[in-house]
Amino acid sequence: MATNIVTEIIGLIAPAALDRIAAALGLSGDAAKKALGAAVPALLAALGTKAASPVGARALFDAVSDADPDVFGKLTSALTGAKSEKFVQGGLGALTSLLGDNALSGLSGAVAKQAGLGGNASSSLMAIAGQLAMGSLAKSAKSSGLDASGLAGLLSSQQGNIK
């Protein structure tokens, strides 16, 4: 049975990092975990849709190639002080480049509604989830030697977990 990438991503978030995410979003730890549980699959579904075309798969692969495969190990420090804003802005920039402003805004709004978040918290949540998802995909691509088509196949194989 294939690994559930959503469960894997959420499971790799250390308790201290979850506390930092919660603080960045102005939420309790449980609320932050619930919000990530909504954001990660929604984001992976959007990335899977993007990767369904050869051009989209190449764009995703290029973005994943630039992502940090060790993002989970660095998450607590990345969400500390001034680094936090840089981390969030990096995530937003990557997602905006891949999905476009309108699609990202719609996705953020849907996740905000599901998780009960305000607009700014939703945007930051999507940025953080984006960094985590891209880092996880980078790690998978690197360890499995995936190209753009292989990465698209990975996301396609996860459709049952990310819809």
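Preceding this paragraph is the structure being described.
Calculation rules
Residues numbered from 1 in each chain as written. Predicted model: local features only at pLDDT ≥ 70, side-chain atom pairs only at ≥ 80, totals over all residues. Heavy atoms only, no water. Buried < 20%, exposed > 50% of the residue type's maximum accessible area, 1.4 Å probe, protein only. Helix = DSSP H or I, 4+ residues; strand = E, 2+ residues; numbered from the N terminus. Arc of directions from axis to C-beta. Contact = heavy atoms within 4.5 Å. Salt bridge = Lys/Arg side-chain N within 4 Å of Asp/Glu carboxyl O. Core = buried A, V, L, I, M, F, W, Y, C linked by side-chain atoms within 4.5 Å. Axes fitted to C-alpha atoms, helices over the stretch in contact; angles between N-to-C directions. Parallel < 35°, antiparallel > 145°, perpendicular 65-115°, else oblique. Nonpolar A, V, L, I, M, F, W, Y, C, P; charged D, E, K, R; others polar. Expected span 1.5 Å × (residues − 1).

### Description of helix α9 (residues 148-157)
At step 1: The set of residues buried in α9 consists of A148, L151, A152 and L155. Seen along its axis, α9 keeps its buried residues to an arc of 100°; they face one direction.

### Notes on the side chain of S108
At step 1: Structurally, S108 is set in helix α7 (residues 101-115).
At step 2: Residue classification places S108 among the buried residues on the basis of a relative accessible area of 11%.
At step 3: Residues in contact with S108, not counting those within four places in the same chain, are S122, S123 and M126.

### Considering the pattern of salt bridges
At step 1: Following the criterion strictly, the structure yields 2 salt bridges and no others.
At step 2: When the shortest N-O distance is used, the salt bridge between D62 and R58 registers 3.2 Å. With D62 and R58 both in helix α4 (residues 54-66) and 4 residues apart, the pair spans about one turn of that helix.
At step 3: Residue D62 is classed as partly exposed on the basis of its relative accessible area, which comes to 37%.
At step 4: On the accessibility criterion, R58 (43% relative accessible area) is partly exposed.
At step 5: For K74, the salt bridge goes to D68, with nearest N and O atoms at 3.0 Å.
At step 6: In this structure D68 comes out as partly exposed when scored by relative accessible area, which is 30%.

### Concerning the nonpolar core
Among soluble globular proteins, nonpolar side chains are generally buried collectively.
At step 1: L44 and L47 are the most contacted members of the largest nonpolar core, which has 59 residues in total.
At step 2: Per element, the largest residue contribution to this core is 12 residues, and it comes from helix α8 (residues 119-144).
At step 3: Sequence-distant contacts of L44, defined by excluding residues within four places in its chain, comprise I5, V6, I9, A133, L137, L155 and I162.

### Description of the packing of α4 against α9
At step 1: In contact at an axis separation of 8 Å, α4 and α9 are set at 95° when each is read in the N-to-C sense. The orientation of α4 with respect to α9, classified from their angle, is roughly perpendicular. Contact residues: α4 offers A57, R58, L60, F61 and V64, while α9 offers A148, L151, A152 and L155.
At step 2: Across the contact of α4 with α9, the residue classes tally to 8 nonpolar, no polar and 1 charged.

### Focus: helix α6 (residues 82-99)
At step 1: Helix length check: α6, at 18 residues, gives a terminal C-alpha distance of 26 Å against a target of 26 Å (1.5 Å per residue), a fit within 8%.
At step 2: Residues of α6 that are buried: S84, F87, V88, G91, L92, L95, L98 and L99. Down the axis, α6 shows its buried residues gathered within 135° of arc, on one side only. Residues of α6 that are exposed and point more than 90 degrees away from the buried face comprise A82, E85, K86 and S97.
At step 3: G100 sits one or two residues past α6 and shows a positive phi near 90°.

### Some remarks on the packing of α6 against α7
At step 1: Relative to each other, α6 and α7 sit at 115°, their axes nearing to 7 Å. On the side of α6, the interface is formed by L92, L95, T96 and L99, while α7 contributes D101, A103, L104 and L107.
At step 2: Its residues assigned to classes, the contact of α6 with α7 comprises 6 nonpolar, 1 polar and 1 charged.

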